[in-house]
Amino acid sequence: MGPGRRVLLLGEGNFSFAAALCGAAAAARLVATCYEGEEEVSGRALAAANVRRLRERGAEVLFSVDCTKLKDYFLPADGAFSCIYFNFPHCGRKAGVMKNRELLAQFFSSCAEVLAEKGEVHVALCNGQGGTPADRPRRAWHNSWQIVAVAAGARFILSDVHPFNAENINGYKCTGYRSQDKSFSVEGALNHIFTRSTPLPHLKPMICQIELGSRRVSFQVPQVLVDKINRGFLELNSEHPVRTVKEKLTAVLSQAFPIQSIDCSLPLLHQGHINGVCHPNVFWIIPNPEQNASTEQMANGLANAVLFSHVDFCKDTNENGWMKVQEGNLISEQYFLRPSLLLYVQTLIERATFLPGTLHVLSGPVFRKCPISPHSPPVFHEAVFVCAVEKGMENSCIQMLVDTIRSGIYSLHQTVSGCKLNITLQEATSFETAELNDFAAFEAQVTKIQHFLCVETDALSSCEKDCCVGTVSTARDGPKSSDLVAVFASVNLDLLAMLICGIADWRMLWTSDERFLSQFPGGELRLFKSFSLYPPSYMHDISFWVPDREQFDEVAFHTIARQVSHETVVSIQLIDSFQHSETARKSLCYRLTYQSCDKALSCQEVAEMQLLFRKEIQRCLCVTLR
């Protein structure tokens, strides 16, 4: 413990832990407390001796301290505590798990009032009490103290857990068996270390202003993307692993090709449609000529801008779920947030500055509506590499491009993790659409993909056996010179960063918690260590009748869940489907699982999110709740 740190110890029955810590924690300001009064403690020889030892070494000793009301004993002027210890808390005698959970809940709430912003709370529990996978054996959840879920109610997350080795603590003797001065078994006991969580976001509507051709355009950002727009992960001063992966992959490719980075800023909005139809899985932005700029927007210089609004859910679709493009009405004026940089390949190769034989590099965030899964984000960073070669040379160029990308991924992964990957190039004809992950499936719809770059790995625990991280193909229309063919590769940088650094959940890449980026100093790629262990999960079921004669929009259903839960829904499963024999009405029942990978999430917060979700699907999808 460093100098100047103020450390609080609670529930010190005989003060032996405090005495041992006082000897080891040089220069730390120690405050040791117990629940019993001074007279009662003085009657126990070991406790009295330890109290004298603590006071001789300058520690502060307090009696009759209630761990659930800490602010009553410690003034803000005295300074917050850097660390709070509570070893083997218990309500006393034969108190059950419910009472001990209540004790912990009140304790954590009390800690939040006296703990430093970056302080730690250490709680030692007997084997099995905590209810985490670290317990061996692990108790049934309902029979444990559920410490991680309880702590979440006070906005704490479990950041570390390790064995409580009592035999290594000089002079320590655990007492308190059934509130008596008797020892109890601490074999297999665990020390749980909690830290403060960043709060759940409360996002306000956001207006984004961009240049689109000769016009200045302002649009309302879809609510689910508000905290993901303009994050700057790929900017020059960024140390984010996504940027590092892009830079290192580009450096490897520069050894095989001349490289030219496309520095011009590609617009976030794209006009029109994709291959003649309006895809339902993009974020549509539709002009609203009747909407006037607000006073705040005018003050920000938006008065003369064209203002667009976001359309969450479109009903005018054909039988395949694709929105029809209709000339002469509002749909012909639609814009959407770019779902892929492949949409700009044709424009790039038609430029006069496009150099044959040079590998041109585009990169940036792209946006898509997609079902919820740990590896399907609504926004990710894409890198596109484009090269023009003579006709007849495209296959050899594709092979060189694939071999170089594969070599770069091999090298990065082996450097970071020390193990090898199996990366294969698979023909597009060998895949059914249902077998593709969301990244690959959409790429195949944007352009005629010929090959998929697939990785076989266990690094992403719930990932598909063949996880597609990139696509390779030739452009439908080559450069203006008829002797040239454009070859391109598209790579999902976010998936690559997750794969290389062992990040299991895409949401961690977008966390605002500084403990994520601090693990990659100077942009160095390292294996990621989660700072939120064993986060609690909560399940809620919802059943409803779908509207008559309408196909249920499951992607819209998932998008609403993302929005109302602040991306804390980790899975949605259809668990029952029923059609009424007389009315032919169809009923669906889904199970939503809530879990945050980086923030504290309490059962009360989840209950409120579920109520809001029920309201929103009624409003947006016109379902009838059961």
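All figures in this text were calculated on a predicted structure; none of them were measured in a lab.

Asker: How do you make sense of helix α14 (residues 603-621) when you look at a structure like this?
Answerer: Residue pairs three or four apart in sequence face the same way in an α-helix, which turns once every 3.6 residues. The first and last C-alpha atoms of α14 sit 26 Å apart over 19 residues, in line with the 27 Å expected at 1.5 Å per residue. Among the residues of α14, those classed as buried are Glu605, Val606, Met609, Gln610, Phe613, Glu616, Ile617, Cys620 and Leu621. On an axial view of α14, the arc spanned by its buried residues comes to 135 degrees, and they lie on one face. Facing away from the buried side of α14 by over 90 degrees, the exposed positions are Leu611, Lys615 and Arg619. Looking at the buried residues of α14, the elements they touch are β21 (538-545), α13 (554-565), β23 (586-594) and β24 (624-625). Looking one or two residues beyond α14, the residue adopting positive phi is cysteine 622, at roughly 60 degrees.

Asker: Honestly, the pairing of strand β8 (residues 207-212) in this entry has me stumped. Any pointers?
Answerer: Taken residue by residue, a regular strand's side chains alternate between the two faces of the sheet. Only one face of β8 is covered, namely the one carrying Cys208, Ile210 and Leu212; the face carrying Ile207, Gln209 and Glu211 has none of its residues buried. In terms of strand pairing, β8 meets strand β9 (residues 215-220) through six bridges, oriented antiparallel. Bridge pairing in β9 places isoleucine 207 opposite glutamine 220.

Asker: Help me out: how do you make sense of the sheet that holds strand β22 (residues 569-579) in this one?
Answerer: Two strands in a sheet stick together by hydrogen bonds in their backbones, pointing the same way (parallel) or opposite ways (antiparallel). Across the sheet, four strands lie side by side as β22-β23-β21-β24; this open sheet has antiparallel pairing. At either margin of the open sheet sits one strand with a lone partner, and together these are β22 and β24. Looking at chain direction, β21 and β23 are connected through eight bridges and run antiparallel. Across the sheet, aspartate 541 pairs through a bridge with arginine 591, a residue of β23. Sitting on the sheet, α13 is in contact with β21, β22 and β23, with an inclination near 140 degrees to β22. Sitting on the sheet, α14 touches β21, β23 and β24, and the angle it makes with β21 is about 15 degrees.

Asker: Explain the environment of leucine 115 to me, please; I cannot follow it from the model alone.
Answerer: Secondary-structure assignment places leucine 115 in strand β5 (residues 115-125). Sequence separation of leucine 115 and valine 7 is 108 residues, and the distance between their C-alpha atoms is 9.6 Å. Among all residues touching leucine 115, those that are not within four sequence positions of it are Ala80, Phe81, Ser82, Cys83, Ile84, Glu120, Val121, Phe156 and Arg196.

Asker: Would you take a moment to explain the packing of aromatic side chains for this structure?
Answerer: In this description, a pair of aromatic rings is defined by centroid distance and the angle of the planes. Under the defined criterion, the tally for this structure stands at 25 aromatic pairs. On the numbers, 4.9 Å between centres and 65 degrees between planes, the contact of phenylalanine 108 with phenylalanine 194 is edge-to-face. Of the two residues, phenylalanine 108 sits in helix α4 (residues 97-111) while phenylalanine 194 sits in strand β7 (residues 190-196), which places them 86 residues apart along the sequence. By relative accessible area, which is 0% here, phenylalanine 108 ends up buried. Here the aromatic rings of phenylalanine 544 and phenylalanine 552 are separated by 5.4 Å at their centres, their planes lie at 45 degrees, and the arrangement is tilted. Among the aromatic residues, those joined into a cluster by ring pairs are Phe17, Tyr85, Phe88, Phe164 and Tyr172.

Asker: Got a minute to help me understand the sheet that holds strand β4 (residues 81-87) in this structure?
Answerer: Across the sheet, which stays open at both edges, the seven strands sit in the order β3-β2-β1-β4-β5-β7-β6 with mixed pairing between neighbours. Each edge of the open sheet is held by one strand with a lone partner, namely β3 (60-62) and β6 (156-163). Strand-to-strand, the axes of this sheet are offset by a mean angle of 20 degrees, without reference to chain direction. Bridge analysis of β4 against β5 gives six bridges, and the strand direction is parallel. Following the sheet pairing, asparagine 87 is matched in β5 by alanine 124. Taken strand by strand, α4 contacts β1 (6-10), β4, β5, β6 and β7, and its axis lies near 155 degrees from that of β5.

Asker: Help me understand helix α6 (residues 241-253) in this model?
Answerer: Between the first and last C-alpha of α6 there are 18 Å, a value that for 13 residues agrees with the 18 Å anticipated at 1.5 Å per step. Burial in α6 covers these residues: Pro241, Val242, Arg243, Thr244, Val245, Lys246, Leu249, Thr250 and Leu253.

Asker: Could you clarify how one ought to interpret the packing of α6 against helix α9 (residues 394-417) in this entry?
Answerer: Axis angle and axis distance: for two packed helices, these are the angle between their axes and the distance between the axes, and together they describe the pair. Between α6 and α9, whose axes approach to 9 Å, the crossing angle comes to 130 degrees. By the angle between their directions, the pair α6 and α9 is classed as oblique. At the point where α6 passes α9, the crossing takes the right-handed sense. Facing α6, whose interface residues are Lys248, Leu249, Val252 and Leu253, α9 presents Leu401, Thr404, Ile405, Gly408 and Leu412. Considered class by class, the residues forming the contact of α6 with α9 number six nonpolar, two polar and one charged.

Asker: Please clarify how the side chain of serine 587 should be interpreted in this entry.
Answerer: With respect to the secondary-structure elements, serine 587 resides in strand β23. Each residue touching serine 587, except ones within four places of it in the same chain, is listed here: Phe544, Trp545, Asp576, Ser577, Phe578 and Arg626.

Asker: Please clarify how the nonpolar core should be interpreted in this entry.
Answerer: If you look at soluble globular proteins, the nonpolar side chains tend to sit buried side by side. Formed by 71 residues in total, the largest nonpolar core has its most connected members in Leu225, Leu269 and Ile405. Contacts of leucine 225, omitting those with residues within four sequence positions, involve Phe283, Leu337, Phe367, Pro378 and Val379. Core analysis: the second largest hydrophobic core is formed by 31 residues, Val41, Leu54, Phe88 and Ala189 among them.

Asker: What is the right way to read the pattern of salt bridges from this model?
Answerer: Side chains bearing opposite charge may pair, as long as their charged atoms lie close to each other. Inspection of the entire model under this criterion finds 16 salt bridges. Here glutamate 38 makes a salt bridge to arginine 55, at a shortest N to O gap of 3.8 Å. Of the two residues, glutamate 38 is situated in helix α2 (residues 38-42) and arginine 55 in helix α3 (residues 45-56); the sequence distance between them amounts to 17 residues. Look at glutamate 38 and you get partly exposed, because its relative accessible area is 40%. Between glutamate 567 and arginine 562 there is a salt bridge, and its shortest N-O distance comes to 3.1 Å.

Asker: Sorry if this is basic, but what is going on with the packing of α6 against helix α11 (residues 493-501) here?
Answerer: It is at 9 Å that the axes of α6 and α11 come closest, and there the two elements cross at 95 degrees. Our classification of the angle between α6 and α11 gives roughly perpendicular. Residue-level contacts link Pro241, Val242, Val245, Lys246 and Leu249 of α6 to Leu493, Asp494, Leu496, Ala497, Ile500 and Cys501 of α11. Partitioning the contact of α6 with α11 into residue classes produces nine nonpolar, no polar and two charged.

What counts as what
- Residues numbered from 1 in each chain as written.
- Predicted model: local features only at pLDDT ≥ 70, side-chain atom pairs only at ≥ 80, totals over all residues.
- Heavy atoms only, no water.
- Helix = DSSP H or I, 4+ residues; strand = E, 2+ residues; numbered from the N terminus.
- Expected span 1.5 Å × (residues − 1).
- Buried < 20%, exposed > 50% of the residue type's maximum accessible area, 1.4 Å probe, protein only.
- Arc of directions from axis to C-beta.
- Contact = heavy atoms within 4.5 Å.
- Pairing = 2+ DSSP bridges.
- Axes fitted to C-alpha atoms, helices over the stretch in contact; angles between N-to-C directions.
- Phe/Tyr/Trp six-rings, centres within 6.5 Å; stacked < 30°, edge-to-face > 60°.
- Parallel < 35°, antiparallel > 145°, perpendicular 65-115°, else oblique.
- Left-handed = near helix turned anticlockwise from the far one by under 90°.
- Nonpolar A, V, L, I, M, F, W, Y, C, P; charged D, E, K, R; others polar.
- Core = buried A, V, L, I, M, F, W, Y, C linked by side-chain atoms within 4.5 Å.
- Salt bridge = Lys/Arg side-chain N within 4 Å of Asp/Glu carboxyl O.

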